[in-house]
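Architecture and fold: a report
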Amino acid sequence: MSKSTIIITGGAGFIGSHVVRRFVNNYPDYKIYNFDNLTYAGNLANLKDIELKSNYHFIKGDITDAAFVNKLFADINPDAVIHLAAESHVDRSITNPLEFIMTNIVGTVNLLNAARHTWIKDKKVSSGKRFYHISTDEVYGSLGNTGFFTENTSYDPRSPYSASKASSDHLVMAYHHTYHLPVVLSNCSNNYGSHHFPEKLIPLAINNIKNMKPVPVYGKGENVRDWLYVEDHARAIDVIFHKGKEGEKYNVGGNNEWKNIDLIRLLCSVMDKKLNRKEGTSASLITFVTDRPGHDLRYAIDSTKLQNELGWKPSLQFEEGLEKTVDWYLANDAWLQQVTSGEYMTYYQHQYDAR
Ligand code: NAD
Ligand code: TYD
């Protein structure tokens, strides 16, 4: 794939913006099309540093709109798709499941259909094509205190979000088996880093601590997540996109498990230091609140396959990654103000509608 034309869906979101930046900067010969509907989670300010590069193009559109998706594929004739667009927040999926079904399932099927009709003619698959679906470890369900998710762990999703992602994973694999669509899939653990929308635990806590607001910890804070620095995930996506075997899935994880309450306490002490506050000031904001319904206890990824077969491993220790993340949020107050006010949505909507 030396002169690839790649559609990256969801490129204005948290992980997508890191993936777009990496591909635009590292592969000047590729044409990168960022296909994003700019929902509340999509923000073109995330890509300010690369938006004028000649190998970058932005397409505003909705993956649930089959006619739009089909026309885009006909116009661009992509060599590959890296599919990140999704509704991604578990709490929102509990209040509004249908939006998750539409984007995560129907939207994925629209992309699969468009790829199938563009790449497969008379049952012959064009060579050099790739549909890469990005998914989550949450499809595997919840672990007890021990054990890890491997690529062979049975799916057992337990929230509307994880059920919608599990459906999309199954459909991606079904298109491979049924139509020989050249797919690859990865399931990653919780990401953290810059440009993360402040509804998720780490950026929400940073924002609240900065503003001396309560930091909500669900239940007793005993739930465990395996945290990976977002740029390590973007690097894994690069490796799997270029070297992953067709029809295979890969687990991506940080090998970095934290109980929520321990993570928040560590974050509080980092914030006290960075803000020159008396030790214990930020921790006094910790507030235990009603638990999330059906809250999964523990996620932990075994990424041996990716490490052994493709040579990827996480690069950052959590303490270092967390400090870098806090530094970014403290240095980018304007970004935080903008996304919490929602003002960017009208600004960019306007700008692109006017073109
Ligand atoms: P995000 O919510 O930050 O971004 C999602 C992006 O998709 C936004 O830019 C949004 O505008 C776009 N989008 C949403 N609906 C759309 C639609 N109908 N049409 C076009 N674009 C649409 O999400 P994220 O955290 O960056 O996650 C990206 C992907 O990675 C998702 O598929 C998610 O399931 C997966 N994932 C996330 C994590 C995590 O920790 N955040 C971990 C593992 C996997
Ligand atoms: P979150 O960032 O929403 O990611 P996910 O649900 O996909 O793992 O939540 C991470 C963990 O933090 C999860 O166990 C729920 C918990 N949590 C809180 O305790 N308080 C909060 O305000 C949020 C948003 C999450």
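Here the structure is shown first, and the text comes after it.
Residues numbered from 1 in each chain as written. Chains lettered and ligands numbered in written order. Predicted model: local features only at pLDDT ≥ 70, side-chain atom pairs only at ≥ 80, totals over all residues. Heavy atoms only, no water.

Re the site of ligand 1
Around ligand 1 sit 29 residues in total, of which I15, D36, S88, Y161 and K165 are the nearest. The contact in question runs from an oxygen atom of ligand 1 to an N or O atom on the backbone of F14, over 3.0 Å. D36 places a side-chain nitrogen or oxygen 2.5 Å from an oxygen atom of ligand 1. If ligand 1 stood free it would expose 840 Å²; the protein chains cover 96% of that surface. For the shell around ligand 1, the per-class residue count stands at 12 nonpolar, 14 polar and 3 charged. (Near = heavy atom within 4 Å. Polar contact = N/O pair within 3.5 Å; in protein donor to acceptor, adjacent residues only side chain to side chain. Areas by Shrake-Rupley, 256 points an atom, 1.4 Å probe, with all protein chains shown as cover. Nonpolar A, V, L, I, M, F, W, Y, C, P; charged D, E, K, R; others polar.)

Some points on the pairing of strand β10 (residues 215-218)
Where burial is concerned, the two faces of β10 differ: the one with V215 and V217 is buried and the one with P216 and Y218 is not. One ladder, built from 4 bridges, connects β10 with strand β15 (residues 286-289); its direction is parallel. Following the sheet pairing, V215 is matched in β15 by I286. (Buried < 20%, exposed > 50% of the residue type's maximum accessible area, 1.4 Å probe, protein only. Helix = DSSP H or I, 4+ residues; strand = E, 2+ residues; numbered from the N terminus. Pairing = 2+ DSSP bridges.)

A look at the site of ligand 2
Around ligand 2 there are 17 residues in total, and E138, Y218, R225, R292 and H295 lie nearest to it. The contact in question runs from an oxygen atom of ligand 2 to an N or O atom on the side chain of N260, over 2.9 Å. At a separation of 2.7 Å, an oxygen atom of ligand 2 approaches a polar side-chain atom of H295. Considering every element that reaches the shell around ligand 2, the biggest residue donor is β10, with 3 residues. Class assignment of the residues belonging to the shell around ligand 2 gives a composition of 7 nonpolar, 5 polar and 5 charged.

Describing the packing of aromatic side chains
Inspection of every chain in the model, using the stated rule, returns 16 aromatic pairs. When the centroid spacing of 5.1 Å and the interplanar angle of 40° are considered together, the rings of W258 and F318 count as tilted. In this pair, W258 is assigned in strand β14 (residues 257-259) and F318 in helix α10 (residues 318-331), connecting sequence segments 60 residues apart. Residue F318 is classed as buried on the basis of its relative accessible area of 3%. One aromatic cluster is present, formed by F23, Y27, Y30 and F241 through successive ring pairs. Across the ring face of Y250, the terminal group of K305 is positioned such that the distance to the ring centre comes to 4.6 Å. (Phe/Tyr/Trp six-rings, centres within 6.5 Å; stacked < 30°, edge-to-face > 60°. Lys NZ or Arg CZ within 6 Å of the ring centre and 35° of its normal.)

Digging into a nonpolar patch on the surface
Where nonpolar side chains cluster on the molecular surface, the patch consists of L98, I101, M102 and V106 and spans about 310 Å² of accessible area. Mapped onto the secondary structure, V106 falls in helix α4 (residues 97-119). Of the residues examined, V106 reaches a relative accessible area of 30% and is grouped as partly exposed. (Patch = residues over 30% accessible without salt bridge, like charges linked within 9 Å, V, L, I, M, F, W, Y side chains within 5 Å. Salt bridge = Lys/Arg side-chain N within 4 Å of Asp/Glu carboxyl O.)

Details of the nonpolar core
Ranked by size, the top nonpolar core spans 34 residues in total, and within it I6, I8, F23 and I82 carry the most contacts. Of all hydrophobic cores here, the second largest spans 31 residues; its members include V215, I261, I286 and F318. (Core = buried A, V, L, I, M, F, W, Y, C linked by side-chain atoms within 4.5 Å.)

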